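# Fold and contact review
Given next are the chains, with one letter for each unit.
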Amino acid sequence: MIFLPQAIVDHNDLAFKNPTKPIGGFYSEQEAKKITKETGWKFIEDAGRGYRRVVPSPKPITLMEKDLINKGLDAGFILIAGGGGAIATYKENDKYNMIDAVIDKDYTAEIMAEMIDADLFIIVTAVDGIYLDYNTPN
């Protein structure tokens, strides 16, 4: 079973006040200013390569497909989901709405592990170790 999950987020998550996740292509400073003026999008300079749009990255509360995921696993399906994160969705007035945001794939995986009551949750990575307080004075 393969699908792209929808993550329910809190529309009031502080991440919406401070977008930090760069997405999309690179633009010159002049292009970024023009697009900001036309759309209201926010841009940041990205490591000397140009300017990129930034969007919020709220933490997921749950996935809309919780029941589908559990039924599929109970039926013996192999689950492939959340590799790219999830579609950010919030509920307002009994209606679900998608919102421009990036749901981090690690948070999506963690929520999914909780939902299926996983005995073990492992994130495989190519880094040489685990760092606490990375890039901070500690």
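Coordinates for the structure precede this section.
This section reports on the structure supplied with the text. (Residues numbered from 1 in each chain as written. Predicted model: local features only at pLDDT ≥ 70, side-chain atom pairs only at ≥ 80, totals over all residues. Heavy atoms only, no water.)

### Considering the nonpolar core
Counted only if it meets this: Take the buried Ala, Val, Leu, Ile, Met, Phe, Trp, Tyr and Cys residues and link them wherever side-chain atoms come within 4.5 Å; each set so joined is a nonpolar core. In this scheme, a residue with accessible area under 20% of its type's maximum is buried, one over 50% is exposed, and one in between is partly exposed, where area comes from a 1.4 Å probe on protein chains only. Here a helix means four or more residues in a row that DSSP labels H or I, a strand means two or more in a row labelled E, and each is numbered from the N terminus. Whether two residues are in contact is decided by their heavy atoms, any of which lying within 4.5 Å being enough.
Grouped together as the largest cluster of nonpolar side chains are 13 residues, with contacts concentrated most on Ala7, Leu63, Ile69, Ala86, Ile103 and Met115. Elements supplying a minimum of two residues to this core: β8 (87–92) and α3 (105–115). Tallying contributions element by element places α3 first for this core, with three residues. In this view, isoleucine 69 contacts Phe3, Leu63, Leu79, Met112, Met115 and Ile116; residues no more than four positions away in its chain are not counted.

### Section: the sheet that holds strand β3 (residues 21–27)
Selection criterion: Whether two strands pair depends on DSSP finding at least two bridges between them. Interaxial angles span 0 to 180 degrees and are taken between N-to-C directions of axes, which are lines fitted to C-alpha atoms, for helices over the stretch in contact.
Reading across the sheet, the three strands line up as β3-β5-β4 and stay open at both edges, with antiparallel pairing between neighbours. With one partner strand each, in any of the chains shown, β3 and β4 (42–45) form the two edges of the open sheet. Here the strands of the sheet are splayed against their neighbours by 40° on average, with no regard to which way each runs. Relative to strand β5 (residues 51–55), β3 is paired through four bridges, and the arrangement is antiparallel. By the bridge assignment, lysine 21 is partnered in β5 with valine 55. Together, β3, β4 and β5 form the strand contacts of helix α1 (residues 29–39), whose direction differs from that of β3 by roughly 120°.

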